[in-house]
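The chain contents come next:
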Amino acid sequence: MNIHNPINNRGDRLRLNRQQRLRSFFLDRHYFTFRITFVLGIIFSILAWSWIHIATGLRREHDASPSLEWGGRPLSASSDVELEEDRVEDDDTTGRTTGRGDKNNTLKEQSYQPNPRIDSVVTFLMDLAKLSPQDLWDTFGMDDNKNGKTMKSYGKDPFSLRELEEGKCPSGITTAKWLPPRPWNSAEISSMFQRQLKQPGNRRVAKSDEEKILVWYEHMSKAGGTTFCGLAKTNLGKNLVPRYYCMPKKLGAEKLLDGRVGSWTNEELIGYTKREDHVLVANEWDPFNLSKLELSGRTLDGKEISLSSASSPRLLFVTTLRDPSDRLLSTYLFFRRKENPQSFQNWMKFNVARIPNYQIGQKGAFRTNVARYNAIVWRYSGGSLQHRASDPSSQKSQFPPPMTDEKLWKGPFETAIRALSQQDLILPMDIMTKEEGKEAMKRVLGWNEVAIKEGRGTWDKESGHIVTTGEIRNSNAREYLGEEEYRFMWEANWLDNILVLWCRAVFLARLHCKDD
């Protein structure tokens with residue numbers, strides 16, 4: 001029987017080939033369509049997520065933008081000026097909210113052992129802080145200080161600055177209620193540090209753990225920190241100072257230029273000094289770590305802590321301070337290109353709205369704190385000063401509203417006073433490289449040079465000021481802002497204004513007056 005074999009039949013074979021090609025075509029086309037659909041779906045999902053993410057961030061910024069008017073003074077927008085480039089690692093400006101920020105740093109109610117000399121300082125400064133904005137303005141004679149960078153009037157002169165600025169020691173200074181005692185072992189640690197620098201090869205080769213001294217520089221942004229770091233490299237040598245703006249790298253995270261030393265435990269800092277020859281570190285982005293006082297045997301109430309080799313290194317605490325309004329303006333002029341808002345007021349609102357995203361030691365929103373009012377109080381209270389949330393029922397103002405609730409600022413203000421009283425050297429930025437600053441750095445640090453020999457930036461040889469990019473600019477807030485705007489800014493920073501003038505008086509008193 002003849003069986004039909006399609007494979008051997010030419011017609012059937014051609015027909016079969018066509019059927020196979022068609023089947024393959026449709027299968028390939030469906031598979032291709034599936035792949036295209038899948039890829040497009042992913043792309044559209046990403047775009048949709050991005051749009052929702054941006055919209056949510058903008059909404060959060062709008063909702064969090066402060067809307068209170070303080071003192072009944074409406075403010076006008078400021079004019080734009082030439083920009084400067086950023087100099088630091090990128091700040092995470094996403095809308096992610098961590099739910100921490102201020103709340104995470106709130107200190108519990110503190111109780112301190114009695115110390116009459118420090119307690120009197122706290123009481124004196126607290127009484128000033130409780131004055132009305134108008135009374136405090138008049139107390140410091142601000143109406144007579146409209147022009148120029150130096151004070152022409154001292155008002156009621158609560159800190160005897162008129163005589164101190166002239167190089168005189170006021171009578172009765174040793175009993176002044178605002179003058180704190182020097183930290184109990186400041187002179188000893190200063191002498192140990194200077195002996196350390198005289199060792200062979202200018203290297204830290206201490207014979208025992210007790211002899212290891214490390215300068216802890218608390219870097220207030222735009223308050224002369226880059227200048228101070230440049231002076232450190234000139235006087236100490238670049239091998240004894242962390243390369244990136246004096247900020248050390250953290251073990252296990254060496255790729256980060258700044259290891260955020262302010263977030264380190266004491267054990268981490270001890271380990272660092274055993275690995276590195278550096279004799280100075282700087283903390284810029286996080287609040288002052290109050291536990292670091294223990295390494296120098298100090299407390300917030302001025303009591304002594306016995307020291308042992310386990311607490312090495314001893315720390316020599318240094319910082320530089322600047323007029324709060326001028327510092328805020330300088331920070332805005334420096335960072336605003338990176339952060340988009342073009343007016344001074346909107347830049348502050350933008351950063352204040354992101355404060356809840358900030359966490360100590362983390363990259364996210366780490367620059368938001370430079371736009372705070374009373375940043376000195378926030379820093380030296382260990383980050384416990386809260387920022388006031390917006391009140392949607394209030395009228396809008398150009399600048400964010402200050403936090404004026406005494407229940408919220410009183411505790412952090414006292415902590416900041418006590419922490420600043422334990423600093424070895426607080427340099428006013430405007431006189432850091434002048435004769436007074438030179439003499440103070442020579443006494444405390446053993447530094448003789450006030451020139452910036454190397455490093456990035458522009459250095460003003462006359463003033464000693466250095467900026468990392470662009471040109472040196474006039475950051476006089478009173479000249480930049482209108483009088484009402486400046487008055488608002490000054491009153492919003494009332495706590496920091498008290499601290500800056502107080503620290504200036506303490507600096508000059510220790511320079512011009514003999515210790516009791």
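Cut-offs and rules
Residues numbered from 1 in each chain as written. Predicted model: local features only at pLDDT ≥ 70, side-chain atom pairs only at ≥ 80, totals over all residues. Heavy atoms only, no water. pLDDT = per-residue confidence, 0-100. Contact = heavy atoms within 4.5 Å. Helix = DSSP H or I, 4+ residues; strand = E, 2+ residues; numbered from the N terminus. Expected span 1.5 Å × (residues − 1). Buried < 20%, exposed > 50% of the residue type's maximum accessible area, 1.4 Å probe, protein only. Disulfide = S-S within 2.5 Å. Axes fitted to C-alpha atoms, helices over the stretch in contact; angles between N-to-C directions. Parallel < 35°, antiparallel > 145°, perpendicular 65-115°, else oblique. Left-handed = near helix turned anticlockwise from the far one by under 90°. Nonpolar A, V, L, I, M, F, W, Y, C, P; charged D, E, K, R; others polar. Pairing = 2+ DSSP bridges. Core = buried A, V, L, I, M, F, W, Y, C linked by side-chain atoms within 4.5 Å. Salt bridge = Lys/Arg side-chain N within 4 Å of Asp/Glu carboxyl O. Phe/Tyr/Trp six-rings, centres within 6.5 Å; stacked < 30°, edge-to-face > 60°. Lys NZ or Arg CZ within 6 Å of the ring centre and 35° of its normal.

Student: I'm lost on the confidence of the model for the protein in this one. Help?
Tutor: Should the pLDDT be low somewhere, the predicted coordinates at that spot are not to be read in detail. Overall, the prediction assigns the protein a mean pLDDT of 79, with 68% of residues at 70 or greater. In this model, residues 1-7 is a region of pLDDT below 50 whose contacts with residues beyond four sequence positions or in other chains number six contacts. Within the model, pLDDT remains below 50 along residues 204-209, and this stretch shows 14 contacts once partners closer than five positions in the same chain are excluded.

Student: It is not clear to me how helix α6 (residues 225-236) should be interpreted in this structure. Could you clarify?
Tutor: The end-to-end C-alpha distance of α6, which contains 12 residues, comes to 16 Å, matching closely the 16 Å that a straight helix rising 1.5 Å per residue would cover. Burial runs high along α6: 12 of the 12 residues are buried. Three or more residues of α6 are buried, namely G225, T226, T227, F228, C229, G230, L231, A232, K233, T234, N235 and L236. Phi turns positive one or two residues past the end of α6, at G237, with a value near 95°.

Student: Would you mind going over the state of the cysteines with me for this structure?
Tutor: Enumeration according to the criterion identifies two disulfides in this entry. Bridging C229 to C246, the disulfide has an S-S length of 2.0 Å. Every disulfide takes its handedness from the sign of the S-S torsion; for C229 and C246 that torsion is 100°, giving right-handed. Here the residue C229 occupies a position in helix α6, and C246 occupies one in the loop between α6 and α7 (266-275), the gap between them amounting to 17 residues. Take C246: its relative accessible area is 2%, and that puts it in the buried class. By sequence order of its bonded cysteines, the protein has the disulfide arrangement 1-4, 2-3.

Student: What is the right way to read unusual backbone geometry from this model?
Tutor: Residues apart from glycine generally show negative phi values, whereas peptide bonds are mostly found in trans. Positive phi, normally seen in glycine, also occurs at D157, with a value near 50°. Positioned with a positive phi, C246 is a non-glycine residue whose angle comes to about 70°.

Student: Looking at this structure, how should I read the packing of helix α11 (residues 406-421) against helix α15 (residues 494-512)?
Tutor: How two helices pack is summed up by the angle between their axes together with the distance between the axes. Interaxial distance between α11 and α15 falls to 12 Å at its minimum, and their mutual angle equals 20°. In terms of orientation, α11 and α15 fall into the roughly parallel class. Handedness of the crossing formed by α11 with α15: right-handed. Every residue of α15 that contacts α11 at W409, F413, A416, I417, L420 and S421 is listed here: W494, L495, I498, L499, W502 and C503. Residues that form the contact of α11 with α15 fall into these classes: 11 nonpolar, one polar and no charged.

Student: What should I look at first to understand the packing of helix α5 (residues 186-197) against helix α12 (residues 435-445) in this one?
Tutor: Direction vectors running N to C along α5 and α12 enclose 85°, while the axes themselves pass 7 Å from each other. Between α5 and α12, the crossing angle belongs to the class labelled roughly perpendicular. Residues S190, F193, Q194 and L197 of α5 lie in contact with α12, whose contacting residues are K442, R443, V444 and L445. Among the residues forming the contact of α5 with α12, the class breakdown is four nonpolar, two polar and two charged.

Student: Where do I start with the environment of S312 in this structure?
Tutor: By secondary structure assignment, the location of S312 is in the loop between β2 (280-283) and β3 (314-321). Along the backbone, S312 and N266 are 46 residues apart, and their C-alpha atoms lie at a distance of 9.3 Å.

Student: Help me understand the pairing of strand β1 (residues 213-218) in this model?
Tutor: Residues in a regular strand point their side chains to alternate faces of the sheet. In terms of residue burial, β1 counts as a mostly covered element, since six of its six residues are buried. Neither face of β1 is open: one carries I213, V215 and Y217, the other L214, W216 and E218, and all of them are buried. For β1 and β3, the ladder comprises six bridges, and the chain directions are parallel. From the neighbouring strand, V215 faces β3, where its bridge partner is L316. In this structure, β1 lies alongside β2, joined through four bridges in parallel fashion. Following the sheet pairing, V215 is matched in β2 by L280.

Student: Could you clarify how one ought to interpret the nonpolar core in this entry?
Tutor: The biggest cluster of nonpolar side chains holds 123 residues, and the ones touching the most others in it are F159, W178, F344, F413, L445, W447 and W502. Broken down by element, the residue count for this core peaks at 14 residues, all from α15.

Student: Explanation requested: the pairing of β3 in the structure shown.
Tutor: Across the eight residues that make up β3, a large majority, eight, are buried. Going residue by residue along β3, you find R314, L316, V318 and T320 tucked away on one face and L315, F317, T319 and L321 tucked away on the opposite face as well.

Student: Help me understand the sheet that holds β3, please; the structure alone is not making it clear to me.
Tutor: Backbone hydrogen bonds are what pair the strands of a sheet, in a parallel or an antiparallel way. The strand order β2-β1-β3-β4 describes an open sheet built from four strands, whose pairing is parallel. The outermost strands of the open sheet, each flanked by one partner alone, are β2 and β4 (425-428). Averaged over all pairs of adjacent strands, the angle between strand axes in this sheet comes to 20°, irrespective of strand direction. Taken strand by strand, α6 contacts β1, β2, β3 and β4, and its axis lies near 170° from that of β2. Most of the contacts of α15 go to β4, to which it runs at about 110°, and overall it touches β3 and β4.

Student: Please clarify how the pattern of salt bridges should be interpreted in this entry.
Tutor: Two side chains that carry opposite charge are able to pair once their charged atoms sit near each other. Here the structure, examined in full by the defined rule, presents 16 salt bridges. As a salt-bridge pair, K407 and D405 come within 3.4 Å of each other at their nearest N and O atoms. In this structure K407 comes out as exposed when scored by relative accessible area, which is 73%. Relative accessible area serves as the criterion here: at 32%, D405 is assigned to the partly exposed category. Among the ionic pairs, E491 bridges to R487, the shortest N-O distance being 2.5 Å. On the criterion of helical spacing, the pair formed by E491 and R487 is a turn pair, its members being four residues apart in helix α14 (residues 483-492).

Student: Help me understand the packing of aromatic side chains in this model?
Tutor: To describe a pair of aromatic rings, one takes the distance between the centres and the angle between the planes. In this structure the tally under the stated criterion is 24 aromatic pairs. Here Y217 and F228 contribute two aromatic rings whose centre-to-centre distance is 4.3 Å and whose plane-to-plane angle is 15°, an arrangement assigned as stacked. Note that Y217 is positioned in strand β1 and F228 in helix α6, a separation of 11 residues in sequence. Taking the relative accessible area as the measure of exposure, F228 reaches 0% and is therefore buried. Put simply, the rings of F124, W137, F140, F159, W178, Y486 and W490 pair up and form one aromatic cluster. Directly above the ring of F334 sits K222, whose terminal nitrogen or CZ lies 4.0 Å from the centroid. In this structure, R418 packs its charged tip against the face of Y112, placed 3.9 Å from the ring centre.

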